[in-house]
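# Secondary and tertiary structure notes
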Amino acid sequence: MKEVEKVGSIVCVGTGMTLGAHITPICRSHIEQADVVFTSAHPMIEQWVQTMNANVRTLQRLYAEGKDRRITYREMVDAMMTEVRAGKKVVGAFYGHPGVFAWSPHKVIEEARAEGYSAHMEAGVSAEDCLYAHLGIDPGRVGSQNFEASQFMFYQRNIDPSAYLILWQIAIAGDKSIKRFSTGKAYRQLLVELLNEYYPLEHKVALYECPTLAVEPPRIDWIPLKDFAEADISLITTMVIPPVKKMLKNQQILDRLSALDKKLQ
Ligand SMILES: C[S@@+](CC[C@H](N)C(=O)[O-])C[C@H]1O[C@@H](n2cnc3c(N)ncnc32)[C@H](O)[C@@H]1O
């Protein structure tokens, strides 16, 4: 017999990237019906969420330069779980997609479920979704890989230079302390050197920023990889690297597929 779920609940929703433009009807409906809404988004997006529910609390105040972000993320989960345990219908409204490059929304759902509360996530429009639209990229054409920039530097990853490479959180690339809001040119230069193992220094990469306001254009700056260390970037900049190589055929598999096709004839 299924155990009866406890009274409190949590739904993590996405507000999308652009104010008023991207939120899905189901995400909006969860926000409107919640007892309490926790937000983590641009201040203008947080103000807009306040028009949908009278009890909105920002989680952004938990961030501080010099504070380990793992503590911040843990505090976000605790703030939401306190209200879930108090029997409230809780919503965590995170900008973009709540499950994309975001630890707390996944964690709070995992913990709430483990304690017997109803918990789920609703998808939102992420920075990645927007960049495909603004840069005119179809990730299905040659494939697309996503990495968090620091993780990409800390671990030996196998990337495919015949597919797109999307690097997130480039402003804090190489930050081992997990406390800083930006690293700096020397750190970015190290990332350039690492990328140069796959891409020539003249290879053009895009610095992309999706606008918060629909009336603003996206930032799409194409620069040679070698100029990245000196480039103007912020916490919202994402790097998009187009493929540098052609896809190589897997002749062995193609031959085996032909053999299978022959059997069907
Ligand atoms: C913690 S992740 C959050 C991503 C978010 N959950 C989403 O769905 O896109 C933060 C990173 O997302 C990317 N990002 C955030 N805002 C962006 C924007 N307006 N334009 C482009 N990329 C953005 C940047 O790479 C940034 O460092």
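Residues numbered from 1 in each chain as written. Predicted model: local features only at pLDDT ≥ 70, side-chain atom pairs only at ≥ 80, totals over all residues. Heavy atoms only, no water.

Before going further, it helps to examine the domain arrangement of the protein chain. Per the domain assignment, the segments making up the protein chain are domain 1 (9–121) and domain 2 (127–241). Centre-to-centre, using C-alpha coordinates, domain 1 lies 26 Å away from domain 2. Around 1,600 Å² of area is buried between domain 1 and domain 2 when both sides are counted, 66% of it from carbon and sulfur atoms. When the buried surface of domain 1 facing domain 2 is broken down by residue, Met17, Arg69 and Phe101 rank first, second and third, together holding 41% of it. On inspection of domain 1 and its partner domain 2, the count reaches one salt bridge. Asp175 is paired through a salt bridge with Arg69; the nearest N and O atoms lie 3.5 Å apart. Where domain 1 meets domain 2, there are six residue pairs in polar contact (both at pLDDT 80 or more). Here the side of domain 1 that touches domain 2 is built from residues that sort into eight nonpolar, four polar and five charged. (Domains from an automatic or database assignment. Buried area = accessible area lost by both parts, 1.4 Å probe. Salt bridge = Lys/Arg side-chain N within 4 Å of Asp/Glu carboxyl O. Polar contact = N/O pair within 3.5 Å; in protein donor to acceptor, adjacent residues only side chain to side chain. Nonpolar A, V, L, I, M, F, W, Y, C, P; charged D, E, K, R; others polar.)

Taken together, 17 residues are adjacent to the ligand, and His97, Val100, Ala127, Cys210 and Thr238 come closest. Measuring from a nitrogen atom of the ligand, one finds a backbone N or O atom of Val100 at 2.8 Å. Taking Thr237, its main chain carries an N or O atom lying 3.4 Å from an oxygen atom of the ligand. Computed on the free molecule, the ligand has an accessible area of 570 Å², of which 92% lies beneath the protein chains in the complex. (Near = heavy atom within 4 Å. Areas by Shrake-Rupley, 256 points an atom, 1.4 Å probe, with all protein chains shown as cover.)

One can find Lys67 in the loop between strand 3 (56–58) and helix 3 (69–85). Put simply, Lys67 and Gly96 are 29 residues apart on the chain and 24 Å apart in space, counted from C-alpha to C-alpha. Once you skip the residues sitting within four places of it in the chain, Lys67 turns out to touch Leu62, Thr72, Glu75, Ile178 and Lys179. A polar side-chain atom of Lys67 sits 2.7 Å from the main-chain carbonyl oxygen of Leu62. A distance of 2.6 Å separates a polar atom in the side chain of Lys67 from a polar atom in the side chain of Glu75. (Helix = DSSP H or I, 4+ residues; strand = E, 2+ residues; numbered from the N terminus. Contact = heavy atoms within 4.5 Å.)

What follows concerns the sheet that holds strand 3. The sheet built from five strands is open, its strands ordered 3-2-4-1-5 with parallel pairing. With partners counted over all chains shown, the strands left at the sheet margins are strand 3 and strand 5 (118–121), one partner each. Going from strand to strand, the sheet's axes swing by 20° on average, the running direction of each strand aside. In terms of strand pairing, strand 2 (residues 36–40) meets strand 4 (residues 89–94) through five bridges, oriented parallel. Looking at strand 4, one finds that Thr39 is bridged to Ala93. Contacting strand 1 (9–14), strand 2, strand 4 and strand 5, helix 1 (residues 25–33) crosses the sheet at an angle of about 135° to strand 1. Most of the contacts of helix 2 (residues 43–50) go to strand 2, to which it runs at about 165°, and overall it touches strand 2 and strand 3. (Pairing = 2+ DSSP bridges. Axes fitted to C-alpha atoms, helices over the stretch in contact; angles between N-to-C directions.)

Tracing the sequence through the fold places Val84 in helix 3. Residue Val84 is classed as buried on the basis of its relative accessible area of 0%. In this structure Val84 touches Gly8, Ser9, Ile10, Val90 and Tyr117, once residues within four positions along its chain are discounted. (Buried < 20%, exposed > 50% of the residue type's maximum accessible area, 1.4 Å probe, protein only.)

Let's shift gears to the packing of helix 3 against helix 4 (residues 103–114). Viewed as axis vectors pointing N to C, helix 3 and helix 4 meet at an angle of 45°, and their least axial separation amounts to 9 Å. Between helix 3 and helix 4, the angle is such that the two are oblique. For helix 3 against helix 4, the interelement crossing comes out right-handed. Note on element contacts: helix 4 touches helix 3 through Trp103, Ser104, Lys107, Val108, Glu111 and Ala112, opposite Tyr73, Arg74, Met76, Val77, Met80 and Met81. Here the contact of helix 3 with helix 4 is composed, by residue class, of eight nonpolar, one polar and three charged. (Parallel < 35°, antiparallel > 145°, perpendicular 65-115°, else oblique. Left-handed = near helix turned anticlockwise from the far one by under 90°.)

Let us look at the nonpolar core. Nonpolar side chains in soluble globular proteins generally cluster together in the buried interior. Counting 22 residues, the largest nonpolar core has Leu165, Leu167, Leu195, Phe228 and Met239 as its most contacted members. Contributions of two or more residues to this core are made by helix 7 (149–154), strand 7 (164–168), helix 8 (185–195), strand 8 (204–209) and strand 10 (238–241). With three residues, the top contributor of residues to this core is helix 8. (Core = buried A, V, L, I, M, F, W, Y, C linked by side-chain atoms within 4.5 Å.)

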